[in-house]
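# Breakdown of the fold
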Amino acid sequence: MSEALNPETPEAVLDDDADQADEEKPLKQRKNGLYPGVSDELAESMKSGWADTELHGLEPIPQAAYTAARRAALSARFPGERLVIPAGNLKTRSNDTEYPFRASVEYAYLTGNLTEDGVLVLEPTSGGHKATIYLLPRSDRENGEFWLSGQGELWVGRRHSLTEAGQLYGIPASDVREIADALREATGPVRVVRGYDAGVEAALTDKVTAERDEELRVFLSEARLVKDEFEAGELQKAVDSTVRGFEDVVKVLDKAEATSERYIEGTFFLRARVEGNDVGYGSICAAGPHACTLHWVRNDGPVRSGDLLLLDAGVETHTLYTADVTRTLPINGTYSEIQKKIYDAVYEAQEAGIAAVQPGGKYRDFHDASQRVLARKLVEWGLVEGPVERVLELGLQRRWTLHGTGHMLGMDVHDCAAARTETYVDGTLEPGMCLTVEPGLYFQADDLTVPEEYRGIGVRIEDDILVTENGNRNLSAGLPRRSDEVEAWMAALKG
């Protein structure tokens, strides 16, 4: 990695004080930089000789009409109030390196823009709101920012001009370096989405309240409960790439056996980066007894023939919609008798859960249907004393089922998390909602309450289900689920 001039620990960085934007700024030196400074001659040379790269006649991004409708709904909910939604800032990973940036879900949902430091402001008007998107403009070549700043375009790449941004996102764009002053001067009621931009929050510190800001966050979370046409299409894209990622993994299980779970993680990640933005969450590549650890993301264990592989992974699209799919696969291609027994029980539970996903039904129905099947199986196997109603009433099945049977899915893998309980868990399913159905059975390696042959076996099957007008659609139906179909699919891929 080359020796970048980072704004925090720069070799030569410009002071970003907006009041002195047109003046040459003093240079700061990196402690162990190889160049002591910039000569006047070099500085003058870097100002000129560059082609005009402004882009003209740009078409709006595909979701621009949808983001406009979302902003209109937000405007209608909070008339007469200034609304501030930040994208967030870069976060330091170590010293002068940053984590890959991911815009806040609220900001991306309302704008389609995914760059750091952006801020969407909806300013109240007599007829609703005027939207402005505040962004960093192109790097200044006259004062040397583009090559002297660690976030200058020579170091991190070209960004859109404000004019270009306005064409792409359908929102007038302004310089984000002016946002703090603009917010400090704001009058009237203001709400901000907290937790993403400390500078924005500091500028509003005497204008906002935690209670009012939480109402804004809750509204934006609940607005995402029902997906529009664009969102449903992006979720299908994410799932389709995920299906291909699972196929990639099956084809290299022999290499994973020679190395570790890391080979599985890396194989799926390659698909995610080639076809999408990233993985939507840390991939769970749990072989053998690791499958009993619900969020096993260390992925550093052995992959052994005869064990099961629980792979829980999802590709995130370039628009930040993620899949969330799980399959539990026999590493050698064939389930043993006890593995098949447990797997088939989970499959039966999932079938019952998926069937319960219907418009007008209660959100909890799919969970209750799946848990009832699993509780019945546990009673039949003699692992817990019945009847089934007693088991469910006391929650005794949870020793082995552990988690809820699903969650909303979208731009977050656990989407709409800030929604009110009455609109989410206690709510009613509507067409356009997308959720996971993912029952599981987990018999810990040290669980002395079950026969030894059960211990160390963990099975989960998870699919992404879109509620439709007449029922539901399994977005991840491209991956087989029934045990015999899984075995045939694996054999065909390996063959």
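Quick notes on the rules
- Residues numbered from 1 in each chain as written.
- Predicted model: local features only at pLDDT ≥ 70, side-chain atom pairs only at ≥ 80, totals over all residues.
- Heavy atoms only, no water.
- Pairing = 2+ DSSP bridges.
- Helix = DSSP H or I, 4+ residues; strand = E, 2+ residues; numbered from the N terminus.
- Axes fitted to C-alpha atoms, helices over the stretch in contact; angles between N-to-C directions.
- Phe/Tyr/Trp six-rings, centres within 6.5 Å; stacked < 30°, edge-to-face > 60°.
- Buried < 20%, exposed > 50% of the residue type's maximum accessible area, 1.4 Å probe, protein only.
- Lys NZ or Arg CZ within 6 Å of the ring centre and 35° of its normal.
- UniProt positions renumbered as here; feature names shortened; annotations may be inferred.
- Salt bridge = Lys/Arg side-chain N within 4 Å of Asp/Glu carboxyl O.
- Expected span 1.5 Å × (residues − 1).
- Polar contact = N/O pair within 3.5 Å; in protein donor to acceptor, adjacent residues only side chain to side chain.
- Left-handed = near helix turned anticlockwise from the far one by under 90°.
- Contact = heavy atoms within 4.5 Å.
- Nonpolar A, V, L, I, M, F, W, Y, C, P; charged D, E, K, R; others polar.
- Disulfide = S-S within 2.5 Å.

What follows concerns the sheet that holds strand β16 (residues 463-467). One open sheet accounts for 3 strands, arranged β13-β16-β17; its pairing is antiparallel. Each edge of the sheet is formed by a strand with only one pairing partner; in this case those strands are β13 (434-437) and β17 (472-474). With direction set aside, neighbouring strand axes in the sheet form an average angle of 35°. Bridge analysis of β16 against β17 gives 3 bridges, and the strand direction is antiparallel. Residue pairing in the sheet places Leu 466 in a bridge with Arg 473 of β17.

Moving on, we get to the packing of aromatic side chains. In total, this model carries 9 aromatic pairs according to the counting rule given. Taking the centre distance of 5.3 Å and the plane angle of 85° together, the rings of Tyr 363 and Tyr 424 count as edge-to-face. One end of the pair, Tyr 363, is in the loop between α13 (337-355) and α14 (365-380); the other, Tyr 424, is in the loop between α16 (398-401) and β13, with 61 residues separating them in the sequence. On the basis of relative accessible area, Tyr 363 is assigned to the buried category, the value being 6%. Through a chain of ring-to-ring contacts, the aromatic side chains of Tyr 363, Phe 366 and Tyr 424 assemble into a single cluster. The ring of Trp 50 carries Arg 141 above its face, with NZ or CZ at 4.9 Å from the centroid. Taking NZ or CZ as reference, Arg 141 lies 4.6 Å from the ring centre of Phe 146, over its face.

This next bit is on the UniProt feature "domain: Aminopeptidase P N-terminal" (unreviewed entry) in the protein. Feature annotation in UniProt assigns "domain: Aminopeptidase P N-terminal" (unreviewed entry) to the following positions: residues 61-201. Across residues 61-201, the secondary structure splits into 33% helix and 22% strand, with the terminal C-alpha atoms separated by 29 Å.

The tally for this structure, following the rule as stated, stands at 39 salt bridges. Arg 177 is the salt-bridge partner of Asp 175, the closest N and O atoms lying 3.0 Å from each other. With relative accessibility at 34%, the residue Arg 177 sits in the partly exposed group. A salt bridge links Arg 481 to Asp 463, with the shortest nitrogen-to-oxygen separation between them at 4.0 Å. A residue pair is termed long-range when its members are at least 10 positions apart, and Arg 481 in the loop between β17 and α17 (483-494) and Asp 463 in strand β16 qualify at 18 residues.

Here Leu 479 lies in the loop between β17 and α17. Expressed as a C-alpha distance, the spacing of Leu 479 and Glu 261, which sit 218 residues apart in the sequence, is 21 Å.

Turning to its location among the elements, Leu 493 is positioned in helix α17. Separated by 286 residues in sequence, Leu 493 and Lys 207 place their C-alpha atoms 60 Å apart.

With 23 residues, helix α10 (residues 229-251) extends 34 Å from end C-alpha to end C-alpha; this agrees with the ideal 33 Å at 1.5 Å per step. At the N-terminal end of α10, a side-chain oxygen is found 3.1 Å from the backbone nitrogen of Phe 230, two or three residues along, and the residue is Asp 228.

Attention shifts here to unusual backbone geometry. For the peptide bond that leads from Gly 386 to Pro 387, omega is 5°, which places it in the cis range. Assignment of secondary structure puts Pro 387 in the loop between α14 and α15 (388-394). Not every positive phi belongs to a glycine, and Asp 117 is a case in point at roughly 75°. Note that Asp 117 resides in the loop between α3 (105-111) and β4 (119-125). Even without being a glycine, Asn 299 presents a positive backbone phi close to 50°. Along the chain, the position of Asn 299 falls in the loop between β9 (284-287) and β10 (308-313). Since its relative accessible area comes to 0%, Asn 299 is described here as buried.

This paragraph deals with the packing of α10 against helix α12 (residues 261-275). Running from N to C, α10 and α12 point in directions that differ by 145°, and their axes come no closer than 9 Å. When the axes of α10 and α12 are compared, the crossing they make is right-handed. Touching Ser 241, Thr 242, Arg 244, Gly 245, Phe 246, Asp 248 and Val 249 of α10 are Ile 264, Thr 267, Phe 268, Arg 271 and Glu 275, all from α12. Grouping the amino acids of the contact of α10 with α12 by side-chain chemistry returns 4 nonpolar, 4 polar and 4 charged.

So, about the sheet that holds β9. Across the sheet, 3 strands lie side by side as β9-β10-β12; this open sheet has antiparallel pairing. Each of the sheet's edge strands pairs with one partner strand only, and the pair in question is β9 and β12 (325-330). The sheet shows a mean angle of 10° between the axes of neighbouring strands, direction not considered. Where β10 lies against β12, 6 bridges are found, and the strand directions are antiparallel. Counterpart to Leu 310 in the pairing with β12 is Thr 328. Contacts from α12 reach β9 and β10, with the element oriented near 150° to β9.

With that settled, the discussion passes to the pairing of β16. Among the 5 residues of β16, 5 are classified as buried, and the element is accordingly described as predominantly covered. By the alternation rule, side chains of β16 split into Asp 463, Ile 465 and Val 467 and Asp 464 and Leu 466, which are all buried. The sheet contact formed by β13 and β16 spans 4 bridges and is antiparallel. Paired with Leu 435 across the bridge in β16 is Ile 465. Between the antiparallel neighbours β16 and β17 lie 4 residues.

Further remarks concern the side chain of Thr 328. Looking at where Thr 328 falls in the secondary structure, it is placed in strand β12. Note on Thr 328: relative accessible area 1%, which makes it buried. Among the polar contacts listed, one links the side chain of Thr 328 to the backbone oxygen of Arg 460, at a separation of 2.7 Å. Sequence-distant contacts of Thr 328, that is, excluding residues within four places in its chain, are made with Leu 308, Leu 309, Leu 310, Tyr 335, Tyr 343, Gly 458, Val 459 and Arg 460.

For the structure on display, the rule yields 0 disulfides. Between Cys 434, a cysteine without a disulfide, and Cys 416, which holds the nearest cysteine sulfur, the sulfur-to-sulfur distance is 10 Å.

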